[in-house]
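Given next are the chains, with one letter for each unit.
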Amino acid sequence: MKLNKSFTHFLAVLLLVTACNSESGNNKNSIVETSDTALIAPELIFDKLVGTWQNEDGKSFERWTKNLDNTFNSVAFSIKNADTSWNEQAQIYPENNQWVFENTVKGQNDGKSVKFLSSILNETTVQFSNPAHDFPTDINYTITDANTINAFIIGPNNKGGKDTISFNYSRVKQ
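For clarity, every value in this text was computed on a predicted model and none was experimentally measured. (Residues numbered from 1 in each chain as written. Predicted model: local features only at pLDDT ≥ 70, side-chain atom pairs only at ≥ 80, totals over all residues. Heavy atoms only, no water.)

**Quick look at the nonpolar core**
Ranked by internal contacts, the top residues of the largest apolar core, which has 22 residues, are Phe-46, Trp-64, Ile-92, Phe-101, Phe-128, Tyr-141 and Ile-149. Sorting the residues of this core by element identifies helix 2 (43–49), strand 6 (83–95), strand 7 (98–105), strand 8 (114–121), strand 9 (125–129), strand 10 (138–145) and strand 11 (148–156) as the ones contributing at least two each. Not counting residues up to four positions away in its chain, the partners in contact with Trp-64 are Leu-49, Val-50, Gly-51, Trp-53, Phe-72, Asn-73, Ser-74, Ile-92, Phe-101 and Tyr-141. (Core = buried A, V, L, I, M, F, W, Y, C linked by side-chain atoms within 4.5 Å. Buried < 20%, exposed > 50% of the residue type's maximum accessible area, 1.4 Å probe, protein only. Helix = DSSP H or I, 4+ residues; strand = E, 2+ residues; numbered from the N terminus. Contact = heavy atoms within 4.5 Å.)

This is how it looks when you write it as structure tokens:
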């Protein structure tokens, strides 16, 4: 029986992915299905976040780093005169076939971290959601180009609606 080269290539890739996944049940490089049903390697969007980003206010920054285990860390900070103050720390890591954004915000949640689960994940956008959290319930990062991130948080307001707070970042350093 003769197999088509494309089909043979597909089978080889499928076997390779299957073999890699069976070696470690917690393979952080595995391909997963996202909420928009596209199959992607999810770390690609996170890789694009790596670097230092400056908010359009000129005083607020986020610095993203990639760890050796393919997880990611972020620190948000502000600079006023010669003083730098830490505002927030976050980690992104896989857990139970989803990506988790776990962050700790200075002066909130009694110093405890809060977990948000990936609800949208593709090559340019990631959104994390936690409907049980008071505010925000959603955290979104969209990479518009190699040097621009449009981020926003969404959550309920006291009028029964939702508020959106935008954070527009430009790359300072990769």
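Structure's up, so let's keep going.
**Notes on the sheet that holds strand 5 (residues 72–80)**
Spatial strand order, 3-4-5-6-7-8-9-10-11-12: ten strands in a closed barrel with antiparallel pairing. On average, each strand axis in the sheet is tilted by 25° relative to the strand beside it, whichever way the strands run. (Pairing = 2+ DSSP bridges. Axes fitted to C-alpha atoms, helices over the stretch in contact; angles between N-to-C directions.)

**Brief notes about the pairing of strand 6**
Judged from the nine bridges that link them, strand 5 and strand 6 form a sheet pairing that is antiparallel. When the sheet's bridge partners are listed, Lys-80 is paired in strand 6 with Asp-83. Between the end of strand 5 and the start of strand 6, which pair antiparallel, lie two residues, with Asn-81 showing a positive phi angle near 55°. Pairing between strand 6 and strand 7: eight bridges, direction antiparallel. Bridge assignment links Tyr-93 to a residue of strand 7, and that residue is Val-100. Hairpin connection between strand 6 and strand 7: a loop of two residues separates the two successive antiparallel strands, and Asn-96 in this loop has a positive phi of roughly 50°.

**Some remarks on the packing of aromatic side chains**
Considering all chains together, one arrives at nine aromatic pairs under this definition. Here the aromatic cluster, defined as three or more aromatic residues joined through ring pairs, consists of Phe-46, Trp-64, Phe-72, Trp-99, Phe-101, Phe-116, Phe-128 and Tyr-141. (Phe/Tyr/Trp six-rings, centres within 6.5 Å; stacked < 30°, edge-to-face > 60°.)

**Examining the pattern of salt bridges**
For the structure on display, the rule yields two salt bridges. Lys-66 is paired through a salt bridge with Asp-47; the nearest N and O atoms lie 2.9 Å apart. Pair noted here: Lys-66 is in strand 4 (residues 60–66) and Asp-47 is in helix 2, with a separation of 19 residues, a long-range link. For Asp-47, a relative accessible area of 29% corresponds to the partly exposed category. (Salt bridge = Lys/Arg side-chain N within 4 Å of Asp/Glu carboxyl O.)

**Some points on the side chain of Ser-118**
Mapped onto the secondary structure, Ser-118 falls in strand 8. Excluding residues within four positions of it along the chain, Ser-118 makes contact with Gln-98, Trp-99, Gln-127 and Phe-128.

**Notes on the layout of surface pockets**
Within this model, the largest pocket holds a volume of roughly 470 Å³. Lining of the largest pocket is provided by 28 residues; of these, Glu-62, Glu-88, Val-105, Ile-153 and Phe-167 occupy positions nearest its centre. Elements that contribute at least two residues to the lining of the largest pocket include exactly strand 4, strand 5, strand 6, strand 7, strand 8, strand 10, strand 11 and strand 12 (162–173). Considered class by class, the residues forming the lining of the largest pocket number 16 nonpolar, nine polar and three charged. (1 Å grid on protein atoms, 1.4 Å probe; cavity = no way out; pocket = protein on both sides within 12 Å on 5 of 7 lines; lining within 4 Å. Points joined across faces, edges and corners; volume = space filled by probe spheres on them. Nonpolar A, V, L, I, M, F, W, Y, C, P; charged D, E, K, R; others polar.)

**What to know about the environment of Asn-81**
Its location among the elements puts Asn-81 in the loop between strand 5 and strand 6. Spatially, the C-alpha atoms of Asn-81 and Lys-59 are 9.5 Å apart, while their sequence positions differ by 22 residues.

**Comments concerning empty space enclosed by the protein**
Summed over the entire model, instances satisfying the criterion amount to one cavity of 30 Å³ or more. Of the volumes computed, that of the largest cavity is approximately 40 Å³. Along its surface, the largest cavity is lined by Glu-62, Trp-64, Ser-74, Ala-76, Glu-88, Gln-89, Ala-90, Phe-101 and Tyr-141. Contributing elements (two or more residues each) for the lining of the largest cavity: strand 4, strand 5 and strand 6. For the lining of the largest cavity, the element with the highest residue contribution is strand 6, accounting for three residues. Grouping the constituent residues of the lining of the largest cavity by class yields five nonpolar, two polar and two charged.

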